[in-house]
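Fold and contact review
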Amino acid sequence: PRDTERLILYFKDLNLPKPDQYETCMLIAFLQQLLTFNGFYDKNLEFLGLKRVQIVASMTPATTVGRHPLSRRFITNVRICVVDYPERSELTNIYAELFGQALMESRPRNTECPLDKEQISSVMVDIYENIRKSFTVDDYRHYLFTPRDLTKWVKNLFRY
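To start, this report covers the structure provided alongside it. What you are looking at is a predicted structure, and each value in this text was computed from that prediction instead of being measured.

With respect to the element layout, Arg-52 can be found in the loop between β3 (47-49) and β4 (53-58). Along the chain, Arg-52 and Tyr-140 lie 88 residues apart, while their C-alpha atoms are 44 Å from each other. A distance of 2.7 Å separates the side chain of Arg-52 from the backbone oxygen of Glu-5, its partner in a polar contact.

Quick look at the structure:
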């Protein structure tokens, strides 16, 4: 990139494009070429080199609906970081704070709040975990519940 120190390209849902009949995804092949040769060939077959470009991508597991596994050749050339869902205690703490902020904004000043944010968030996390256990992706692929659903729940509670 000109006039900058570096360029960061972010790809969301990198494993979303469907591979062709030869199990090749054009986007992954292009990114592999960028990583391996630090550039690519244009339509006139001239090599265009890239410097100071960083590629960052996110994706969900290939077992999710509409996602496809990445090629092994590509995976061997990249660094992978896996971020899993938070533990139950972490979820309770996160949503207790979120709930506390929402409670502070919704009540009048100088009034006591009769609700216990830790208890409410604990019950919400219990319900969330029970739903995840009862409705699994193994039954139907669209039964995918994430902490994002808890966040929407807290936000929607305070719309009323």
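On to the packing of aromatic side chains, then. Counted under the stated rule, the structure contains 3 aromatic pairs. When the centroid spacing of 5.3 Å and the interplanar angle of 65° are considered together, the rings of Phe-30 and Phe-40 count as edge-to-face. Of this pair, Phe-30 sits in helix α1 (residues 26-37) while Phe-40 sits in strand β2 (residues 39-41), placing them 10 residues apart in sequence. Here Phe-30 falls in the partly exposed class, since its relative accessible area comes to 32%.

All right, on to the nonpolar core then. Ranked by size, the top nonpolar core spans 9 residues in total: Leu-91, Tyr-95, Phe-99, Leu-103, Met-124, Val-125, Tyr-128, Leu-150 and Val-154. Listed by contribution, the elements that provide at least two residues to this core are α3 (88-106), α4 (117-134) and α5 (147-157). Sort the elements by how many residues they give to this core and α3 lands first, with 4 residues. The contact partners of Val-125, leaving out residues within four places of it in the chain, are Arg-88, Leu-91, Thr-92 and Leu-150. By size, the runner-up hydrophobic cluster in this structure holds 8 residues, among which are Leu-14, Leu-31, Phe-40 and Leu-70.

Reading guide: rules and limits
Residues numbered from 1 in each chain as written. Predicted model: local features only at pLDDT ≥ 70, side-chain atom pairs only at ≥ 80, totals over all residues. Heavy atoms only, no water. Helix = DSSP H or I, 4+ residues; strand = E, 2+ residues; numbered from the N terminus. Polar contact = N/O pair within 3.5 Å; in protein donor to acceptor, adjacent residues only side chain to side chain. Phe/Tyr/Trp six-rings, centres within 6.5 Å; stacked < 30°, edge-to-face > 60°. Buried < 20%, exposed > 50% of the residue type's maximum accessible area, 1.4 Å probe, protein only. Core = buried A, V, L, I, M, F, W, Y, C linked by side-chain atoms within 4.5 Å. Contact = heavy atoms within 4.5 Å.

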